[in-house]
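Secondary and tertiary structure notes
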Amino acid sequence: MASTGRAAVFFGPGKPFEIRELPLPEIEPDAVLIKVSLANVCGSDLHFWRGDAPLRLPEDGWIFGHEMTGRVAKLGRNVKTDSLGRPLREGDRVAYTYFYPCGRCYVCLNKQPAACPAKIERPRGPSEFPYFHGAFAEYYYLRPGGALFAVPDALSDELVSPVNCALSQVIFGLREAGLAFGGSVVIQGAGGLGVQAAAVAKDMGAASVIVVDQLSGRLELATAFGADHVINVKEVTERKERVALVRKWTGGMGADVACDFVGFPQVIPEGIEMLRPGGTYLEIGTISRGAKVERPADLSHVSPGQDQPSLLRLGVAQRGDDEDQPRRPGALTAPRAPAIGCADWARPVRPQVRMRHPGRAGSAPRCS
Ligand SMILES: [Zn+2]
Ligand SMILES: [Zn+2]
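Bear in mind that the values here come from a model prediction, so they are computed numbers and not experimental data.

1. A short note on the sheet that holds strand 10 (residues 229-232)
What the five strands build is an open sheet, ordered 10-9-8-11-12; its pairing is parallel. Of all the strands in the sheet, just strand 10 and strand 12 (275-283) have a single pairing partner and so form its edges. On average, each strand axis in the sheet is tilted by 20 degrees relative to the strand beside it, whichever way the strands run. Sheet topology places strand 8 (residues 184-188) next to strand 11 (residues 255-260); four bridges connect them, and they run parallel. Bridge assignment links Val186 to a residue of strand 11, and that residue is Ala258. Those strands touched by helix 7 (residues 239-249) are strand 8, strand 9 (208-213), strand 10 and strand 11, and its axis lies near 165 degrees from that of strand 9.

Printed below as a string of structure tokens:
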């Protein structure tokens, strides 16, 4: 095996990546070194690359990227199988996680590892062990405790590489949002996550999958992925009309679930307006730290009456000193609501913001 590998090191928005040759790390007994065969550019990566949020990088740069697949280059001596107990050998193709919930904090012990505050770390430079911290490199170091799964040869790298981020996020998020068989969902944004969400929602038995975007090519793709209805905001230019279309396609009620896969918080109030009373808003796309969202002026359709307040249920993965944190995915601040710390494209998904009308016997608002 080679003794070095190359990595594309990021030094900040507007600066060129630099290709660096790095030593391969010593493999800890429970870790796995993976030779990356394909890495995708996720929407989150674009936020970092463009500088949509403050980012403090180590002096020696940062290797980022997280959607990827590859082959086992070297197994730690204790690793004999994949996470399903199937024998694993060097050279095997694998899909694997990128986040490492700690497993011992209060949140993890409450069985919500996706919201573990310890799983999001500050960027680490390529001179820090184990050097290969991200997908944009020839190797990736799967740390002790990282899950990995053998992949059958029938699946191409192109199909497998989005599994650890885009696909797992939408499966987890839609399930957490309570999308049910026969339900309806609005998907705002038909990028990588949005089109996968359309397919997953349909597979979950949604009766009405509505996708909103401004690019017709993306909407065609969303239709191919299972969308029942699409709205092009360039053609239906009035927000009122878009909301009316959603009501029309959901029997006059509004959607059970609406989701942000756009990544800009301006779309959120419109998504909330598209909900039925008691509907759930799922926030996945907006990851930039400091992003603010307007509370919709009128929530009466979601939460009728002052004595029946909306429940804002928040997914939080936040540590105190986040000045150094480059990414606070999902960070939103709403008037009269706590700052939503954020979670992220977690393992397996970013936590979500729910606005839900709790009903008569509704529980008190709480964070989760
Ligand atoms: Zn991603
Ligand atoms: Zn934890």
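Let's pick the thread back up.
2. Quick notes on helix 4 (residues 163-176)
Taken as a whole, helix 4 carries its principal kink of about 25 degrees at Gln169. Judged by how many residues are buried, helix 4 sits mostly within the fold: twelve of 14 residues are covered. For helix 4, the set of buried residues is Val163, Asn164, Cys165, Ala166, Leu167, Ser168, Gln169, Val170, Phe172, Gly173, Leu174 and Glu176.

3. Considerations on the nonpolar core
By size, the foremost hydrophobic cluster in this structure holds 84 residues, and its most contacted members are Ile34, Ile187, Ile210 and Val211. Inspection of this core shows a minimum of three residues originating in each of domain 1 (4-161) and domain 2 (165-356). Residues within four places of Ile34 in sequence aside, it is in contact with Gly70, Arg71, Val72, Ala73, Val94, Tyr96, Tyr139, Tyr140 and Leu142. Val107, Ala114, Ala115 and Phe172 belong to the second largest nonpolar core, which has five residues in total.

4. Brief notes about the pairing of strand 9
Among the six residues of strand 9, five are classified as buried, and the element is accordingly described as predominantly covered. Note that strand 8 and strand 9 share five bridges and pair parallel. Residue pairing for strand 9: Val186 is matched across the bridge by Ile210. Since strand 8 and strand 9 lie parallel, the crossover through helix 5 (residues 192-203) that links them has a hand, and here it is right-handed. As judged from the four bridges shared by strand 9 and strand 10, these two strands associate in the parallel manner.

5. Describing the packing of helix 4 against helix 5
One can describe the packing of helix 4 onto helix 5 by two numbers: an axis separation of 9 Å at closest approach and a directional angle of 50 degrees. By the angle between their directions, the pair helix 4 and helix 5 is classed as oblique. As for the relative orientation of helix 4 and helix 5, their crossing is right-handed in sense. Residue-level contacts link Ala166, Leu167, Gln169, Val170, Ile171 and Leu174 of helix 4 to Gly192, Leu193, Gln196, Ala197, Val200 and Ala201 of helix 5. Per-class residue counts for the contact of helix 4 with helix 5 are nine nonpolar, three polar and no charged.

6. Some words on unusual backbone geometry
In this model, Phe129 is joined to Pro130 through a cis peptide bond whose omega is 0 degrees. The backbone of Lys111 sits at a positive phi, close to 60 degrees, despite the residue not being glycine. Mapped onto the elements, Lys111 comes out in the loop between helix 2 (106-109) and strand 6 (139-142). C-beta crowding within 10 Å serves as the criterion here: with 7 such atoms nearby, Lys111 is assigned to the exposed category. Within the chain, Tyr131 stands out as a residue other than glycine whose phi angle is a positive 70 degrees. Here Tyr131 is to be found in the loop between helix 2 and strand 6.

7. Describing the sheet that holds strand 7 (residues 148-150)
Taken in spatial order, the five strands of this open sheet run 6-3-4-5-7, and their pairing is antiparallel. Two strands bound the open sheet, and with one partner strand each, they are strand 6 and strand 7. Looking at each pair of strands side by side, their axes are set apart by 45 degrees on average, direction ignored. Bridge count for strand 3 (residues 32-39) against strand 6 is four bridges, and the pairing is antiparallel. Its bridge partner lying in strand 6, Ile34 is registered against Tyr140.

8. Overview of the confidence of the model for the chain
The predicted structure's coordinates, where accompanied by low pLDDT, should not be read in detail. Taken residue by residue, the chain gives an average pLDDT of 83. The fraction at 70 or more is 80%. For residues 308-312, every residue scores under 50 in pLDDT, and the model assigns this stretch 17 contacts once sequence neighbours within four places are set aside. Across residues 314-368, where pLDDT falls below 50, the model places 165 contacts with residues more than four positions away in sequence or in other chains.

9. Details of the pairing of strand 12
Here strand 12 lies mainly inside the structure; seven of its nine residues are buried. In the sheet, strand 11 pairs with strand 12 via five bridges, with the strands oriented parallel. In the strand pairing of strand 12, Val257 is matched with Thr280. In terms of handedness, the path from strand 11 via helix 8 (residues 268-273) over to strand 12 forms a crossover that is right-handed.

Conventions and cut-offs
Residues numbered from 1 in each chain as written. Chains lettered and ligands numbered in written order. Predicted model: local features only at pLDDT ≥ 70, side-chain atom pairs only at ≥ 80, totals over all residues. Pairing = 2+ DSSP bridges. Helix = DSSP H or I, 4+ residues; strand = E, 2+ residues; numbered from the N terminus. Axes fitted to C-alpha atoms, helices over the stretch in contact; angles between N-to-C directions. Contact = placed C-beta atoms within 7 Å. Bend = angle between axes of the 7 residues up to and from the residue. Buried ≥ 20, exposed ≤ 12 C-beta atoms within 10 Å, placed from the backbone. Core = buried A, V, L, I, M, F, W, Y, C linked by C-beta atoms within 7 Å. Domains from an automatic or database assignment. Right-handed = clockwise from strand over helix to strand, strands pointing away. Parallel < 35°, antiparallel > 145°, perpendicular 65-115°, else oblique. Left-handed = near helix turned anticlockwise from the far one by under 90°. Nonpolar A, V, L, I, M, F, W, Y, C, P; charged D, E, K, R; others polar. pLDDT = per-residue confidence, 0-100.

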